[in-house]
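Listed here are the chains, written in short residue letters.
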Amino acid sequence: MKGRLLKLCVMVSGRGSNLDAIVRSIDEGKLNACVNVVISDRHDALALKRVEEWNAAGGKRIESFVIERSSFPGKDSFDDAIASILEEREVDLIVLAGFMRVLGAKFAARFAGKIINIHPSLLPSFPGLHAQRQALAYGTKISGCTVHFVDKTLDGGSIISQVAVPVLDGDTEDTLSERILKEEHRLLPETIQKLAANQIRFG
Ligand code: GRF
């Protein structure tokens, strides 16, 4: 495995299966990175439970923070609280893995080229919420997942990597989401490793 060890911050809002895929890839020696910090905007995110369990199991300790939007008077102060955690820890890459809030233009500019997001569609098709539902409603026969740099637009930053996934007859939102998720779990760690190995340039 080539490349420098990347210090990661992973930002989450829920289940954390992509966070799990990153941690597994690191443990299996496929990804030259360490998850230094996890930030959740929800105190009840399952992802935080996973962090607790990993820490209790005695692996490399992952710091975690809950930064809830409702604790701040405005969006800017919420973004600033996250930014100061990131700056203090000098992380190399911020990975949005199921983080369900849009970060502001100022935040995006501050960390330009250092934030990536995973989205469950072939962007630029179906940005925003419920991408799999949108794909089914449109009747597209191919969907997939995309890793892209984050800029001030919604899911509109430059695309780094994609995998296509077929939409099958009879698919429901759940079956399609599950098929796409399997590919997300491969694509996201592989893309981070390519950044670590300089096979992809930081944006
Ligand atoms: C994934 O489908 C991701 O593409 C989207 O939100 C979901 C997060 O899943 N942005 P998980 O929390 O990583 O399990």
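No experiment lies behind these values; they were computed from the predicted model shown.

(A) Spotlight on the site of the ligand. Near the ligand, the surroundings consist of Arg-15, Gly-16, Ser-17, Asn-18, Gly-98, Ile-118, His-119, Pro-120 and Glu-184. Arg-15 is positioned with one of its side-chain polar atoms (N or O) 2.6 Å from an oxygen atom of the ligand. One nitrogen or oxygen atom from the main chain of Gly-16 is found 2.8 Å from an oxygen atom belonging to the ligand. Contact with the protein chains removes 87% of the 370 Å² of surface that the ligand exposes when unbound. One can see that the ligand is located within the largest pocket. Counting residues per element, the ones that place at least two in the shell around the ligand are helix 1 (17-27) and strand 5 (115-119). Looking at the shell around the ligand residue by residue, the classes come out as two nonpolar, five polar and two charged.

(B) How the structure looks around the pattern of salt bridges. Per the stated rule, a full pass over the model turns up 16 salt bridges. Among the salt bridges present, the one from Arg-4 reaches Asp-92, with a minimum N-O distance of 3.7 Å. Highlighted residues: Arg-4 in the segment before strand 1 (6-12) and Asp-92 in the loop between helix 3 (75-89) and strand 4 (93-96), separated in sequence by 88 residues. For Asp-92, a relative accessible area of 18% puts it in the buried group.

(C) Highlighting the layout of surface pockets. Space inside the largest pocket adds up to approximately 980 Å³. Surrounding the largest pocket, 36 residues form its lining, Gly-98, Phe-99, Met-100, Ile-118 and Pro-120 being those nearest its centre. Of all the secondary-structure elements, those providing two or more residues to the lining of the largest pocket are helix 1, strand 5, helix 5 (131-138) and helix 6 (173-196). Among the elements that line the lining of the largest pocket, the one with the most residues is helix 6, at six residues. Class assignment of the residues belonging to the lining of the largest pocket gives a composition of 14 nonpolar, 14 polar and eight charged.

(D) The arrangement of the side chain of Thr-140 in detail. Among the secondary structure elements, Thr-140 is positioned in the loop between helix 5 and strand 6 (142-149). Separated by 3.1 Å, the side chain of Thr-140 and the backbone oxygen of Ile-142 make a polar contact. With sequence-adjacent residues up to four places away left out, Thr-140 is seen in contact with Phe-126, Ala-135 and Val-167.

(E) The arrangement of the pairing of strand 6 in detail. Burial of strand 6 is extensive: seven of the eight residues sit out of reach of the surface. Sheet analysis places strand 5 next to strand 6, joined by four bridges and oriented antiparallel. Pairing of Asn-117 across the sheet is with His-148, part of strand 6. In terms of strand pairing, strand 6 meets strand 7 (residues 159-166) through seven bridges, oriented antiparallel. Pairing of Val-147 across the sheet is with Ser-161, part of strand 7.

(F) Highlighting the sheet that holds strand 2 (residues 33-40). With respect to topology, seven strands assemble into an open sheet ordered 3-2-1-4-5-6-7, the strand pairing being mixed. Strands at the two margins of the open sheet, each flanked by one partner only, are strand 3 (63-66) and strand 7. Direction aside, neighbouring strands of the sheet carry axes that sit 20° apart on average. Pairing of strand 1 with strand 4, which is carried by four bridges, proceeds in the parallel orientation. Across the sheet, residue Val-10 finds its bridge partner in strand 4, namely Val-95. Packing against the sheet, helix 2 (residues 46-56) makes contact with strand 1, strand 2 and strand 3, and its axis sits at approximately 155° to strand 3.

How each quantity is defined
Residues numbered from 1 in each chain as written. Predicted model: local features only at pLDDT ≥ 70, side-chain atom pairs only at ≥ 80, totals over all residues. Heavy atoms only, no water. Near = heavy atom within 4 Å. Polar contact = N/O pair within 3.5 Å; in protein donor to acceptor, adjacent residues only side chain to side chain. Areas by Shrake-Rupley, 256 points an atom, 1.4 Å probe, with all protein chains shown as cover. 1 Å grid on protein atoms, 1.4 Å probe; cavity = no way out; pocket = protein on both sides within 12 Å on 5 of 7 lines; lining within 4 Å. Sits in = over half its atoms within 2 Å of the grid points. Helix = DSSP H or I, 4+ residues; strand = E, 2+ residues; numbered from the N terminus. Nonpolar A, V, L, I, M, F, W, Y, C, P; charged D, E, K, R; others polar. Salt bridge = Lys/Arg side-chain N within 4 Å of Asp/Glu carboxyl O. Buried < 20%, exposed > 50% of the residue type's maximum accessible area, 1.4 Å probe, protein only. Points joined across faces, edges and corners; volume = space filled by probe spheres on them. Contact = heavy atoms within 4.5 Å. Pairing = 2+ DSSP bridges. Axes fitted to C-alpha atoms, helices over the stretch in contact; angles between N-to-C directions.

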